[in-house]
There are 2 protein chains.
Amino acid sequence: MIKQITRRARSSTTTYSMSNVEDTRIAVIMVGLPARGKSLIAQKVVRYLAWLSISAKAFNVGSYRRADTPQPTADFFDTKNTDGERLRHAAAEAAVADMIKWFNNDHGVVAILDATNSTKARRRWVKQRCDANNIETLYVESKCDQEELIMSNIMEVKTTSPDYKGQDPEAAAKDFRNRIRNYEKVYQTIDEDEKDLTYVKLIDVGGQVIINQIKDYLQSRVVYYLMNLHIKPRSIWLSRHGESNFNLEGKIGGDANISVRGEMYAKALPDLVASSVGPDQKLTVWTSTLKRTIQTARFLAASPKGYDKLEWKALDELDSGVCDGLTYQEIADRYPEDFRARDDDKYNYRYRGGESYRDVVIRLEPIIMELERSENIIIVTHQAVLRCIYAYYMNVPQEQSPWMEVPLHTLIKLTPRAYSTEEVRFKGNIPAVSTFRTKGSTAKHQ
Amino acid sequence: MIKQITRRARSSTTTYSMSNVEDTRIAVIMVGLPARGKSLIAQKVVRYLAWLSISAKAFNVGSYRRADTPQPTADFFDTKNTDGERLRHAAAEAAVADMIKWFNNDHGVVAILDATNSTKARRRWVKQRCDANNIETLYVESKCDQEELIMSNIMEVKTTSPDYKGQDPEAAAKDFRNRIRNYEKVYQTIDEDEKDLTYVKLIDVGGQVIINQIKDYLQSRVVYYLMNLHIKPRSIWLSRHGESNFNLEGKIGGDANISVRGEMYAKALPDLVASSVGPDQKLTVWTSTLKRTIQTARFLAASPKGYDKLEWKALDELDSGVCDGLTYQEIADRYPEDFRARDDDKYNYRYRGGESYRDVVIRLEPIIMELERSENIIIVTHQAVLRCIYAYYMNVPQEQSPWMEVPLHTLIKLTPRAYSTEEVRFKGNIPAVSTFRTKGSTAKHQ
């Protein structure tokens, strides 16, 4: 057996561990009653892997079922309903067939089968299909009896699921509870009979995690990520620092103070945040260790709410090495080849003695893990770092993320939902230069 | 709360996740009957963290107990033996006191309390001591009922433990079994009563892992490492590729073929390996993706033993960027500042457009994890990469590791033991140039 393991673009990047996965094919099989955060977990795993440049895709059995049965009532999920049973099995069959096709035709690495897979028989059936196609299986059971969390998931589903679109919310919630009851009648948790399976049980939102028979490196990475997840509702706020003196001069890097207008943004930030935080929500402020983010966040930390504050070196701006403190025009003059190389492949280009976006993603991984462990967080950081974090939450392809426009003096609120991440932007209404640079441009400001 | 989180030597290194730990203090409390691999686990965690430049230290209660009772018989461990009980508690007290002193005076980050801690009362007592000193506790229980593994640990202990030094092996093994029986009488596994504790249960050598209430990032990293461990006996063989044409010319980097003498080493390697592998031992060969390692390992892979073979990009030589293909003299001439900077801090120096040793350690982390998951492995790789892997196993400080001499045409066999890693070197007796360079030297060969 010869296994080629890939490291990308040798001279310009540091190897990332997760890229060593070429030959692996893993089907992550979700297990759990409705309203246990399965779809949220599935979506997160896909997003995390894509962010690390690993090919990943979720197959949601509900979506296949909706093709024939767009808005079923709870009765449809009663195992005594033979028509329902037949249609539900057909949907699972179609999803699994598409998943296997994706592995074979599109060089898929990690697929997530997002469904209840609530019986031992169903789980065996999925395993047989995967075994026959040389696909490893990793079962992920989300088990939770905390009424509060289940309720919050029910509220989420009834407002966001296409199954209940346009329906009376109260009736939807009631029907959904009946659907859960129908599943409870037949639900079998993963137990001793299944100890030959590779599985993870996430009990009460990661409070306890049971991991069984993990086989290889990529499985252990996925499990490590799952260990850090929780399914409590929360939001992440992102802001760049207020306009800095370097921004005014068109210089990159450095450790400049914020400008007069930057200071105005810093003062406006507490109200901007307060308008988008619920009255009882706790919030923690993260900044980099550079002056411009600390200055921008200082009124937040001093607000009557008394938010906790954390400074992270890992949130410092992309290190531009020998180009630190230069304008784009100076870089183009002094290092013309580098300037072009960066435009050609901005994600992988590493500044001499500095970093690439790919390097920044590597150093942000602990930040992402810590964010996954946390609840409400506001991050005041820098353009490149914010792009990488935003790309993670909004599933932006890595070749696009370095070119995204993220204006100064704008607060971005991201709220992970079961089926998407909701984004709201709050403009500070305080003017600032644009530091966005289009490909090829050396303009001081856009 | 302001928490400063450190990233090292900003312009010359990529941040490593594990360096973001300045304020964390974690006591890892081992739990388990004798012969469950606790000391091996403790030693490995310390070594892994040190390799990642995290301050870590193990406190072995047995060593404290030996100060008063160097070679106790099994009776000493009988709870009815009040003298034994008193002395054993005094040893635990001394170890915990030293551990707390280490956190406070030496800025310790992770301590391992290596003892049986086999009762709930003892575990509570340790927790109270740690709580009072703002030290987080992470209990790690090794639970194993596989007779074969326990026996192999008993054999290990009776031959390596100072408790049985100079004693008849049979008598030692018998006494040690009686000691285990005395512990079994009072042993309490971590259970529901202790669900407020942060703990990891490693059941049957990582076959199943139960993780409870992990609190922060560093805890989750330690747990991730523990998940990947096994305590089965095995060895790691390390070899550089056979002498290459670039070695002859004194050039670094590149992708040259092996020389005539390199070819002789490649042919000699299967016998060299065979002489140090047991008859029934399975072995897997890892190489980099560069020609000189693949050529060197090709007779191994083709041997009648039919070893499995894996090529890893992550095992490629340290990328010397713009200096790739140059001699040291050419580097000193063209990049005199860089040449000096590298000598000043070889571990952190990153070649322009290339890598530092620190970068290599980062990209080797998945290799280390995969090695921990594996059994017998022979790695044919490159000077810098071998230094980093060797440093991990032999606990070499990172500032020294880039200066270690690792001659060509030499096979190194490393065997992790409970109390140390055993090293044996096999000389190929085939001449080769020396590629070792002392500080300041630009000599083509030593």
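Conventions we followed
Residues numbered from 1 in each chain as written. Chains lettered and ligands numbered in written order. Predicted model: local features only at pLDDT ≥ 70, side-chain atom pairs only at ≥ 80, totals over all residues. Heavy atoms only, no water. Helix = DSSP H or I, 4+ residues; strand = E, 2+ residues; numbered from the N terminus. Buried < 20%, exposed > 50% of the residue type's maximum accessible area, 1.4 Å probe, protein only. Contact = heavy atoms within 4.5 Å. Areas by Shrake-Rupley, 256 points an atom, 1.4 Å probe, with all protein chains shown as cover. Lys, Arg positive; Asp, Glu negative; His and termini not counted. Charge placed at Lys NZ, Arg CZ, Asp CG, Glu CD. Expected span 1.5 Å × (residues − 1). Bend = angle between axes of the 7 residues up to and from the residue. Phe/Tyr/Trp six-rings, centres within 6.5 Å; stacked < 30°, edge-to-face > 60°. Pairing = 2+ DSSP bridges. Axes fitted to C-alpha atoms, helices over the stretch in contact; angles between N-to-C directions. Parallel < 35°, antiparallel > 145°, perpendicular 65-115°, else oblique. Polar contact = N/O pair within 3.5 Å; in protein donor to acceptor, adjacent residues only side chain to side chain. pLDDT = per-residue confidence, 0-100. Salt bridge = Lys/Arg side-chain N within 4 Å of Asp/Glu carboxyl O. Core = buried A, V, L, I, M, F, W, Y, C linked by side-chain atoms within 4.5 Å. Left-handed = near helix turned anticlockwise from the far one by under 90°. Nonpolar A, V, L, I, M, F, W, Y, C, P; charged D, E, K, R; others polar.

What follows concerns the overall build of chain A. The helix and strand tally for chain A stands at 14 helices and 13 strands. Expressed as a percentage of its 446 residues, the buried residues of chain A come to 62%. Intrachain contacts of chain A at a sequence separation of at least 6 include 73% that bridge at least 24 residues. Accessible area of chain A: about 16800 Å², with a carbon and sulfur share of 49%. Of note, chain A has its 64 positive side-chain charges centred 1 Å away from the centre of its 59 negative side-chain charges.

Residues and elements named next belong to chain B. In this model, helix H13 (residues 357-373) (17 residues) spans 24 Å end to end at C-alpha, consistent with the 24 Å of a helix rising 1.5 Å per residue. Taken as a whole, H13 carries its principal kink of about 40 degrees at Leu364; the proline Pro366 stands between one and four residues after it. In terms of burial, H13 is a largely internal element, 17 of the 17 residues being buried.

Before going further, it helps to examine the packing of aromatic side chains. Overall, the coordinates contain 21 aromatic pairs over all chains when judged by the stated rule. Arranged with centres 5.4 Å apart and planes meeting at 80 degrees, the rings of Tyr349 of chain A and Tyr351 of chain A form a pair that is edge-to-face. Each member of the pair Tyr349 of chain A and Tyr351 of chain A is classed as buried. Geometrically, the ring pair formed by Trp51 of chain B and Tyr392 of chain B is edge-to-face, given 5.5 Å between the ring centres and 70 degrees between the ring planes. A residue pair is termed long-range when its members are at least 10 positions apart, and Trp51 of chain B in helix H1 (residues 38-51) and Tyr392 of chain B in helix H14 (residues 383-394) qualify at 341 residues.

Our focus in this paragraph is the sheet that holds strand E3 (residues 56-60) of chain A. Ordered by their spatial adjacency, 12 strands build an open sheet running E3(A)-E4(A)-E2(A)-E5(A)-E6(A)-E7(A)-E7(B)-E6(B)-E5(B)-E2(B)-E4(B)-E3(B), and the pairing between neighbours is mixed. Two strands in the sheet have a free side with no partner beyond their single neighbour: E3 of chain A together with strand E3 (56-60) of chain B. Neighbour to neighbour, the strand axes of the sheet diverge by 15 degrees on average, direction disregarded. Pairing between strand E2 (residues 26-31) of chain B and strand E4 (residues 110-114) of chain B: four bridges, direction parallel. Residue pairing for E4 of chain B: Ala27 of chain B is matched across the bridge by Ala111 of chain B. Against the sheet, helix H4 (residues 120-131) of chain B touches E2, E4 and strand E5 (136-143) of chain B, its axis set at about 155 degrees to E5 of chain B. Contacting strand E7 (208-212) of chain A together with E2, E4, E5, strand E6 (199-203) and strand E7 (208-212) of chain B, helix H7 (residues 217-227) of chain B runs over the sheet at an angle of about 10 degrees to E5 of chain B.

Residues and elements named next belong to chain B. Burial within strand E12 (residues 410-416) is extensive, with seven of its seven residues counted as buried. Residues Thr410, Ile412, Leu414 and Pro416 line one face of E12 and the alternating positions Leu411, Lys413 and Thr415 line the opposite face, and both faces are buried. Relative to E12, strand E8 (residues 236-240) runs antiparallel, the two sharing four bridges. Looking across to E12, one finds that Trp237 is bridged to Lys413.

Another aspect to go through is the packing of helix H7 (residues 217-227) of chain A against helix H13 (residues 357-373) of chain A. Any two packed helices are characterised by how steeply their axes cross, that is the angle between the axes, and by the distance between the axes. Residues and elements named next belong to chain A. Contact pair H7 / H13: the axes reach a minimum separation of 9 Å and the direction vectors enclose 45 degrees. On the basis of their axis angle, the class for H7 and H13 is oblique. The segment H7 lies against H13, with Arg221, Tyr224, Tyr225 and Met227 engaging Glu365, Met369, Glu372 and Arg373.

Residue and element names in this part refer to chain B. Tracing the backbone through its elements, the reader meets Glu243 in the loop between E8 and helix H8 (245-249). Residues Glu243 and Ala266, 23 residues apart in the sequence, show an inter-C-alpha distance of 9.5 Å. Those residues in contact with Glu243, other than ones at most four positions away along the chain, are Leu248, Ile258, Ser259, Arg261, Gly262, Leu408, His409, Ala432 and Val433. There is a polar contact of 2.7 Å between the side chain of Glu243 and the side chain of Ser259.

Here the focus is the confidence of the model for chain A. Residue and element names in this part refer to chain A. Looking at chain A as a whole, the pLDDT averages 88, with 93% of positions reaching at least 70. Averaged over each element, pLDDT in chain A is lowest for strand E1 (residues 4-5) (32) and highest for strand E2 (residues 26-31) (98). Within the model, pLDDT remains below 50 along residues 1-21, and this stretch shows 74 contacts once partners closer than five positions in the same chain are excluded. In the model output, the complex is listed with pTM 0.79 alongside ipTM 0.75.

What follows covers H4 of chain B. All names here are of chain B. A rise of 1.5 Å per residue sets the reference length of H4, with its 12 residues, at 16 Å; its end C-alpha atoms lie 16 Å apart and thus fit the reference within 8%. All buried positions along H4 are accounted for by Lys120, Arg123, Trp125, Val126, Lys127 and Cys130. Those residues of H4 hidden inside the fold are in contact with E2, helix H3 (82-106), E4 and E5.

A word on unusual backbone geometry. One can expect most non-glycine residues to show negative phi and most peptide bonds to be in trans. Residues and elements named next belong to chain A. Of note, the phi angle at Ser53 is positive, near 65 degrees, even though the residue is not glycine. Mapped onto the secondary structure, Ser53 falls in the loop between helix H1 (38-51) and E3. Residue Ser53 is classed as partly exposed on the basis of its relative accessible area of 27%.

According to the stated counting rule, one finds 50 salt bridges over all chains in the structure shown. Across the pair Glu355 of chain B and Arg363 of chain B runs a salt bridge whose closest N-O atoms are separated by 2.7 Å. Assigned by exposure class, Glu355 of chain B and Arg363 of chain B land together as buried. It is possible to trace a salt-bridge network through shared partners that takes in Arg65, Arg66, Asp163 and Arg179 of chain A.

For the rest of this paragraph, the subject is the environment of Arg340 of chain A. Position of Arg340 of chain A relative to the elements: it lies in helix H12 (residues 336-344). As for Arg340 of chain A and Lys439 of chain A, which are separated by 99 residues in sequence, their C-alpha atoms are 9.3 Å apart.

Ile211 and Leu371 of chain A together with Ile211 and Leu371 of chain B are the most contacted members of the largest nonpolar core, which totals 148 residues. Other than its neighbours up to four places away in sequence, Ile211 of chain A contacts Tyr199, Val200, Val223 and Met227 of chain A together with Gly207, Gln208, Val209, Ile211 and Met227 of chain B.

All names here are of chain A. Within the secondary structure, Asp114 is located in strand E4 (residues 110-114). Although Asp114 lies buried, it forms no salt bridge, and the closest oppositely charged side chain, Lys38, sits 5.7 Å away as judged by the N-O distance. A polar contact of 2.7 Å, which involves the side chain of Asp114, links it to the side chain of Ser39. If we ignore the near neighbours within four places in the chain, the residues touching Asp114 are Met30, Lys38, Ser39, Ala42, Phe59, Asn60 and Val61.

Attention shifts here to the packing of H13 of chain B against H14 of chain B. Residue and element names in this part refer to chain B. Across the interface, H13 lies against H14 with an axial gap of 10 Å and an inter-helix angle of 60 degrees. The orientation of H13 relative to H14 falls into the category oblique. As H13 runs across H14, the sense of the crossing is right-handed. Between H13 and H14, the residues in contact are Tyr357, Val360, Val361, Arg363, Leu364, Ile368, Leu371 and Glu372 and Ala384, Val385, Arg387, Cys388, Ile389, Tyr392 and Tyr393, respectively. In the contact of H13 with H14, the residues fall into 12 nonpolar, no polar and three charged.

Now for the side chain of Arg179 of chain A. Residues and elements named next belong to chain A. Its location among the elements puts Arg179 in helix H6 (residues 169-186). At 2.8 Å, the side chain of Arg179 forms a polar contact with the side chain of Asp163. Excluding its chain neighbours within four sequence positions, the residues that come into contact with Arg179 are Arg65, Pro72, Ala74, Phe77, Asp163 and Tyr164.

A word on the environment of His230 of chain B. Residues and elements named next belong to chain B. Along the chain, His230 falls in the loop between H7 and E8. As a C-alpha pair, His230 and Thr116 span 114 residues in sequence and 18 Å in three-dimensional space. Look past the residues within four positions of His230 in its chain and what remains in contact with it is Lys44, Val205, Glu372, Arg373, Ser374 and Glu375.

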